[in-house]
Amino acid sequence: MANRKRQRATALVVREGKYLVVRDRGRQRYSLPGGGINRGEAALTAACREVGEELGIRAYKAERLFDYESPDSVNRHKVVLVLAGGKPRLNDRELDSFRWWDGREPLQVYPSVRRIIEMYEQSVHAKPTR
């Protein structure tokens, strides 16, 4: 029987061309905000809830983007673009750091973070302009 991957709502919070990344307590690498999806909960709802719990910011719009899964990850990411207001505040019960990252400066992030950002940027540039 194949191992079942954890369903994870992954929030892509973008402001002024930078991505909000977080570092869980005791970890070396940064990830995108998010977490487990509760039974019966939509990925959109879970991503907004997690952003609120982890960073104290309130989502005012969310859009489901795509799924991402890597063979070396324990997660199946349900990626959600989250537009949120307010200044992030650290929930130090879960996180020890957050920052706005341009996706290019050197930073220890999980491989899934880079790939999800690449996929998002490709989809944005692929959309026709009106």
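Each remark here, short or long, concerns the structure printed above.
Residues numbered from 1 in each chain as written. Predicted model: local features only at pLDDT ≥ 70, side-chain atom pairs only at ≥ 80, totals over all residues. Heavy atoms only, no water.

Trainee: Would you explain the packing of aromatic side chains in this entry?
Mentor: The description of two aromatic rings rests on the distance between their centres and on the angle between their planes. Counted under the stated rule, the structure contains one aromatic pair. Taken together, a centroid distance of 6.3 Å and an interplanar angle of 90° make the contact between Y19 and Y120 edge-to-face. Of the two residues, Y19 is situated in strand 2 (residues 18-24) and Y120 in helix 2 (residues 111-126); the sequence distance between them amounts to 101 residues. Assigned by exposure class, Y19 and Y120 land together as buried. (Phe/Tyr/Trp six-rings, centres within 6.5 Å; stacked < 30°, edge-to-face > 60°. Helix = DSSP H or I, 4+ residues; strand = E, 2+ residues; numbered from the N terminus. Buried < 20%, exposed > 50% of the residue type's maximum accessible area, 1.4 Å probe, protein only.)

Trainee: Teacher, can you tell me more about the pattern of salt bridges here?
Mentor: Side-chain pairs of opposite charge can arise whenever the charged atoms involved come near each other. In total, this model carries ten salt bridges according to the counting rule given. Where D67 meets K78, a salt bridge forms, and the shortest distance between an N and an O atom there is 3.3 Å. Note that D67 is positioned in strand 4 (residues 58-69) and K78 in strand 5 (residues 75-85), a separation of eleven residues in sequence. The exposure class assigned to D67 is partly exposed, which follows from its relative accessible area of 39%. The buried category is assigned to K78, whose relative accessible area is 16%. With a closest N to O distance of 3.1 Å, E118 and R115 form a salt bridge. In this pair, E118 and R115 both sit in helix 2, three residues apart, roughly one turn of the helix. (Salt bridge = Lys/Arg side-chain N within 4 Å of Asp/Glu carboxyl O.)

Trainee: Explain helix 1 (residues 43-55) to me, please; I cannot follow it from the model alone.
Mentor: Helical geometry: 3.6 residues make up each α-helical turn, so side chains three or four residues apart lie on a common side. Counted at 1.5 Å a residue, the expected span for helix 1 with its 13 residues is 18 Å, and the 18 Å between its end C-alpha atoms agrees. Turning to helix 1, its buried residues are A43, A46, A47, E50, V51, E54 and L55. Considered in projection along helix 1, the buried side chains sweep an arc of 135° and stay on one side of the axis. Where helix 1 is buried, its residues touch strand 1 (6-15), strand 2, strand 3 (34-36), strand 4, strand 5 and strand 6 (95-101). (Expected span 1.5 Å × (residues − 1). Arc of directions from axis to C-beta. Contact = heavy atoms within 4.5 Å.)

Trainee: Which parts of the structure should I look at to understand the layout of surface pockets?
Mentor: Space left empty within the atom packing is revealed by a probe, the size of a water molecule, rolled over the atoms. Looking at the largest pocket, its volume works out to about 430 Å³. Lining the largest pocket are 21 residues, with S73, N75, H77, Y110 and S112 positioned closest to its centre. Secondary structure elements with two or more residues in the lining of the largest pocket: strand 1, strand 3, strand 5 and helix 2. Top element by residues in the lining of the largest pocket is helix 2. It accounts for four residues. Along the lines of polarity and charge, the residues of the lining of the largest pocket split into six nonpolar, nine polar and six charged. (1 Å grid on protein atoms, 1.4 Å probe; cavity = no way out; pocket = protein on both sides within 12 Å on 5 of 7 lines; lining within 4 Å. Points joined across faces, edges and corners; volume = space filled by probe spheres on them. Nonpolar A, V, L, I, M, F, W, Y, C, P; charged D, E, K, R; others polar.)

Interpretation note: all reported values are geometric properties and have no functional meaning in isolation.
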